[in-house]
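Overview (structure and organization)
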Amino acid sequence: LATGPISLDAKVNVWLWAIAHIFMFISLCYFIRVPLRMSFPRVEKLIFKISLLYAVIGLIILFINAPQVTAQLEANGVYLFKVPLISILVIVSFTTLTMVFSAATLLGAFFKNELSLVYRLRGLILGAGMIVYLTSGPAHNLIRSPKGTILVDALLILAGFLFIVGVFLPKIMKNKDASTSP
């Protein structure tokens, strides 16, 4: 959705933009549980519930304002959404709070010597993925060239790859250890 229209109907694309944010908000609500469980397990459930409440309220605001979102194809082929300020504030505040907290907590785990190497590396990889995602996702709103769009799309793919590796790292390391043992 960030790099081009899915439908020839601009109104459909605007509603798909809003729907895409449902998935982003829900995934952030669940993802934030990882660093909370690592560093602040006593408040994990409370913050999870607060983040879900914010997500619901934020999504209501996004959907109320969705008809004001416009999309246009620039002469150079870049597809841009023009989003109302209130929607931008809802998205930026939620993503920044959850992602910066997650990145800082996960990267902090890398420096905790009492954690196993696998979990330290996991923190490093997931934290790095969060930083790449946090910077490249919003960059779609600023990019005005096809090359820039390709760059931020590639960075989003890299962030996704880092998330996958970070999530499955314990299993990868376990399988590696099993295959190298006699």
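We now turn to the structure provided with this report. (Residues numbered from 1 in each chain as written. Predicted model: local features only at pLDDT ≥ 70, side-chain atom pairs only at ≥ 80, totals over all residues. Heavy atoms only, no water.)

**Structural notes on the packing of helix 3 (residues 44-65) against helix 4 (residues 85-110)**
Put simply, the rule is: To get an axis, fit a line to the C-alpha atoms, keeping to the stretch in contact for a helix; angles then go from 0 to 180 degrees between the N-to-C directions. A run of H or I in DSSP becomes a helix once it reaches four residues, and a run of E becomes a strand once it reaches two; helices and strands are each numbered from the N terminus. These descriptions rest on fixed angle ranges, namely under 35 degrees for roughly parallel, over 145 for roughly antiparallel, 65 to 115 for roughly perpendicular, and the rest for oblique. By the definition used in this description, the sense in which the near helix is turned from the far one sets the handedness, with an anticlockwise turn below a right angle giving left-handed and a clockwise turn giving right-handed. Here a residue-residue contact requires only that any non-hydrogen atoms of the pair lie within 4.5 Å. Residues were grouped as follows: Ala, Val, Leu, Ile, Met, Phe, Trp, Tyr, Cys and Pro as nonpolar; Asp, Glu, Lys and Arg as charged; and all remaining residues, including Gly, as polar.
Put simply, helix 3 and helix 4 touch, their axes get as near as 9 Å, and they point 155° apart. The angle between helix 3 and helix 4 falls in the class roughly antiparallel. Here helix 3 and helix 4 pass one another in a crossing that is left-handed. Facing helix 3, whose interface residues are S51, Y54, A55, G58, I61, L62 and N65, helix 4 presents I86, S87, L89, V90, I91, S93 and F94. In terms of residue class, the contact of helix 3 with helix 4 is made up of nine nonpolar, five polar and no charged.

**Brief notes about the pattern of salt bridges**
Cut-off, in case you're wondering: Here a salt bridge means any side-chain nitrogen of Lys or Arg lying within 4 Å of a carboxyl oxygen belonging to Asp or Glu. Buried, partly exposed and exposed residues are distinguished by accessible area as a fraction of the type maximum, computed with a 1.4 Å probe on protein chains only: under 20%, between the cut-offs, and over 50%, respectively.
With the rule as written, the count across this model stands at two salt bridges. One salt bridge in this structure joins R33 and E44, with 2.9 Å as the shortest N-O distance. With R33 in helix 2 (residues 33-39) and E44 in helix 3, this pair connects stretches of sequence that are 11 residues apart. For E44, a relative accessible area of 6% translates into the label buried. Here E44 ties to R37 by a salt bridge, and the two come within 2.8 Å at their closest N and O atoms. When salt bridges that share partners are traced, they join R33, R37 and E44 into one network.

**Brief notes about the packing of aromatic side chains**
Test applied: Geometry of aromatic contacts follows a simple scheme: Phe, Tyr and Trp rings, the Trp one being its six-membered ring, pair when their centres are within 6.5 Å, and the pair is stacked under 30 degrees between planes, edge-to-face over 60, tilted otherwise.
Scanning all chains against the criterion turns up nine aromatic pairs. Arranged with centres 6.4 Å apart and planes meeting at 35°, the rings of W17 and F81 form a pair that is tilted. Remark: F81 occurs in strand 2 (residues 79-82) and W17 occurs in helix 1 (residues 10-31); sequence separation between them is 64 residues. Per residue, the accessibility class of W17 equals that of F81, and both read buried. Plain terms: the ring middles of F40 and F101 are 6.0 Å apart, the flat faces sit at 35° to each other, and that makes the pair tilted. Pair noted here: F40 is in the loop between helix 2 and helix 3 and F101 is in helix 4, with a separation of 61 residues, a long-range link. Owing to a relative accessible area of 25%, F101 belongs among the partly exposed residues under this scheme. Joined through ring pairs, the aromatic side chains of F25, Y54 and F94 make up one cluster.

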